Amino acid sequence: MAALTRLGALSLRLNQRLLQPSVVRSAGISTSKKNKDTVTVTDVITDHGKTKTESSEAATKNWVSWGFDRFSQVEDNSTMHMTFFVAITLCIVTTGFIWSYLPDFRMRDWAQREAFLELRRREALGLPAIDPDLVPLDKIELPADEELGSREIII
Amino acid sequence: MLKFILPLILLMKFNKEWKVSQVGLFFLSFLISVNCYHNFFLFNSGFSLGMDYISYIMILLSVWIVSLILISSQKIKNLNNFSSSFISTNIFLLLFLMLTFSSMDYLMFYISFEASLIPTLILILGWGYQPERIQAGIYMLFYTLAFSLPLLVSLLIYYFLTGSLVISLGVPLEGENYLYKFWYMSTVLAFLVKLPMFMFHLWLPKAHVEAPIAGSMILAGVLLKLGGYGLIRVLIMFQEMNKSFCWFWVSLGIVGGVYISLMCMRQVDMKSLIAYSSVVHMSLVLCGIMIFSLWGLAGSVILMVGHGLCSSGLFCLANMVYERTGSRSLMVNKGLLAFMPSMGLWWFLLSVSNMASPPSLNLMGEIMLILTVLSWSKISILGISLLSFFSAAYTLYMYSLSQHGIFYNSLYSCCSGKVSEYLSLFLHWLPLNAMIMNSTLLMI
């Protein structure tokens, strides 16, 4: 019995929703001034079909500029899109991507690999890491003491 | 190199359309930034122009800053205050800067170095706000010109003696007598005035304060770096003589830096404070270049790039406040967090980058330079520590006085911040804080 009642209520609700009119009359409860003349009820009909022009008019009325053009919304919007595309998408994102994935920039990884290989070779041969005679002593020409005189030596 | 300069010259045709120039300059900086991968130290060469690692990053910085100038100078566009001449002046300036940084010849470098002064003067005189800009323009022009004429003479003597002015073929000069000292001084002083060093810095606060936002951004962002870049190029010739004199420049740099940072604490004008802080940063750069070690040069280049972005961003912020309240004074523009809370984020981020906090490029440059100066002389720790301490002190002073506290009663309300303003600040801040991750692109 209860199930029948519920089914009935459900079907009524469904019926209502399916057959809901696109134009809704909203009857406001506020009345006009109390006087002896006949009261005319004014209904407000809201049309759900056409809201785009209203909202776009409201948008142009209270428009806040992005900052790129003070006067024209279309110009402002298009400049904003172009500037953000070039500055952020191209310059920041794409450039950042390219810079972070550059292969062995300035041969730093190569130099480190070569250094480790050389160190391994030297350790295997028992040599020190850096040769104390890197520059052969006979190639170094120092000026004589008399030539230097009292000149300051800055290293 | 012409693949960047020709599009730039063609962009001058579009000076009547702000949108095209703005987007075009960003696209140019994208083109330059994807040209970074080369395994030889000299690339993009042709027509006696070429790039090596320092000049590449300086050119990229110049184009980036000029693109940001066009976003930040919306007031000139809205009021139609000679906006087409403004765009052409900026593009001319960028052209001369690109020629300066990419020139492989000392004379070409000198000519473009001097030529970049003229559009800057036109920017200051044409779009500045106050009558004092005449004096500011004269100070800037004559300080730079007076010291750069000896530079021209010294370059011509160099050509006469060695037969070539090509930078890569620079022959280190050896000589000890007073004439060589004079030659060294006349060459180096031109760049010390541009940098600016402590005794010759007087043009900088004037020019920065009187310039419009475009002038301030390009001055702080790029033109000061011309001095540092020129020094690096010219000291190839004068390495031996530099060793005798570097104590003088480093001492002037450190002592002058400490003194100027104390002067910063006294400033009431926001732009003046940021201008004096530029002098402090550049004095540290000077120390690094004059010591001429590898870390000194690398640290100075990194600090130059970081400072260019950071100071330019701070000038943008000061200009945004000026456009709203009509005053640059910290006494009027206080408690701004109540008016522009979202802008407070950018004030904070750029202020902490200014005081070299991680993870900004300024931190990396300053660490490298502090280590360089310390390795050169241990006693300099006194000056360096005071320099670092006071740079934090005046930056905190500027941030907390402008943002925190109760606001000035006469201010009513203002726009919190347009998206274009946030974009320009974001584009200042992001390279500053992200490039520390991959700073091999910036090192010499």
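None of the values given here were measured: they were computed from a predicted structure.

A.B. asks: Tell me what's going on with the overall build of chain B, and back it up with residues and numbers.
C.D. replies: Looking only at helices and strands, chain B features 18 helices and two strands. On C-alpha atoms alone, chain B measures out to a radius of gyration of 21 Å, which is about the 22 Å that the 2.2 N^0.38 rule sets for 444 residues. Along the longest, intermediate and shortest principal axes, the C-alpha atoms of chain B span 65 × 55 × 45 Å. Here chain B holds 444 residues, and the buried ones make up 65% of them.

A.B. asks: Would you mind going over empty space enclosed by the protein in detail, with residue names and values included?
C.D. replies: Residue and element names in this part refer to chain B. Inspection of every chain in the model, using the stated rule, returns two cavities of 30 Å³ or more. Approximately 60 Å³ is the volume found for the largest cavity. Lining the largest cavity, in full, are V280, H281, L284, E366, L387, S388, S391 and Y394. In terms of residue count, helix 17 (residues 381-403) provides more of the lining of the largest cavity than any other element does, four residues in total. When grouped by side-chain class, the residues that make up the lining of the largest cavity number four nonpolar, three polar and one charged. In this structure, the second largest cavity encloses a volume near 30 Å³.

A.B. asks: So what about the nonpolar core? Which residues, and what values?
C.D. replies: By size, the foremost hydrophobic cluster in this structure holds 178 residues, and its most contacted members are B:I32, B:M98, B:I218, B:L231 and B:M290. Residues contacting B:I218, with those up to four places away along its chain left out, are B:I65, B:V66, B:I69, B:L93, B:L97, B:L123 and B:L223.

A.B. asks: An account of the packing of aromatic side chains is requested, with residue identities and associated values reported.
C.D. replies: Residues and elements named next belong to chain B. Counted under the stated rule, the structure contains 32 aromatic pairs over all chains. Ring centres of Y129 and Y322 lie 5.0 Å apart, and the angle between their planes is 35 degrees; this geometry places the pair in the tilted category. Here Y129, found in the loop between helix 7 (117-127) and helix 8 (133-162), pairs with Y322, found in helix 14 (residues 294-325); they are 193 residues apart in sequence, far enough to count as distant. What makes Y129 partly exposed here is its relative accessible area of 32%. Note on Y184 and F238: the rings are 5.8 Å apart at their centroids and 70 degrees apart in plane angle, and the pair reads as edge-to-face. Of this pair, Y184 sits in helix 9 (residues 178-194) while F238 is found in the loop between helix 11 (213-234) and helix 12 (239-264), placing the two residues 54 residues apart along the sequence. The same class applies to Y184 as to F238, namely buried. Members of the aromatic cluster, joined through ring pairs, are Y106, Y158, Y180, W183, Y184, F238 and F245. Over the ring of F113 we find K194; its NZ or CZ atom is 5.6 Å from the centre of that ring. Over the aromatic face of Y322 sits the side chain of R328, whose NZ or CZ is 6.0 Å from the ring centroid.

What counts and how
- Residues numbered from 1 in each chain as written.
- Chains lettered and ligands numbered in written order.
- Predicted model: local features only at pLDDT ≥ 70, side-chain atom pairs only at ≥ 80, totals over all residues.
- Heavy atoms only, no water.
- Helix = DSSP H or I, 4+ residues; strand = E, 2+ residues; numbered from the N terminus.
- Rg over C-alpha atoms; globule rule 2.2 N^0.38 Å.
- Buried < 20%, exposed > 50% of the residue type's maximum accessible area, 1.4 Å probe, protein only.
- 1 Å grid on protein atoms, 1.4 Å probe; cavity = no way out; pocket = protein on both sides within 12 Å on 5 of 7 lines; lining within 4 Å.
- Points joined across faces, edges and corners; volume = space filled by probe spheres on them.
- Nonpolar A, V, L, I, M, F, W, Y, C, P; charged D, E, K, R; others polar.
- Core = buried A, V, L, I, M, F, W, Y, C linked by side-chain atoms within 4.5 Å.
- Contact = heavy atoms within 4.5 Å.
- Phe/Tyr/Trp six-rings, centres within 6.5 Å; stacked < 30°, edge-to-face > 60°.
- Lys NZ or Arg CZ within 6 Å of the ring centre and 35° of its normal.

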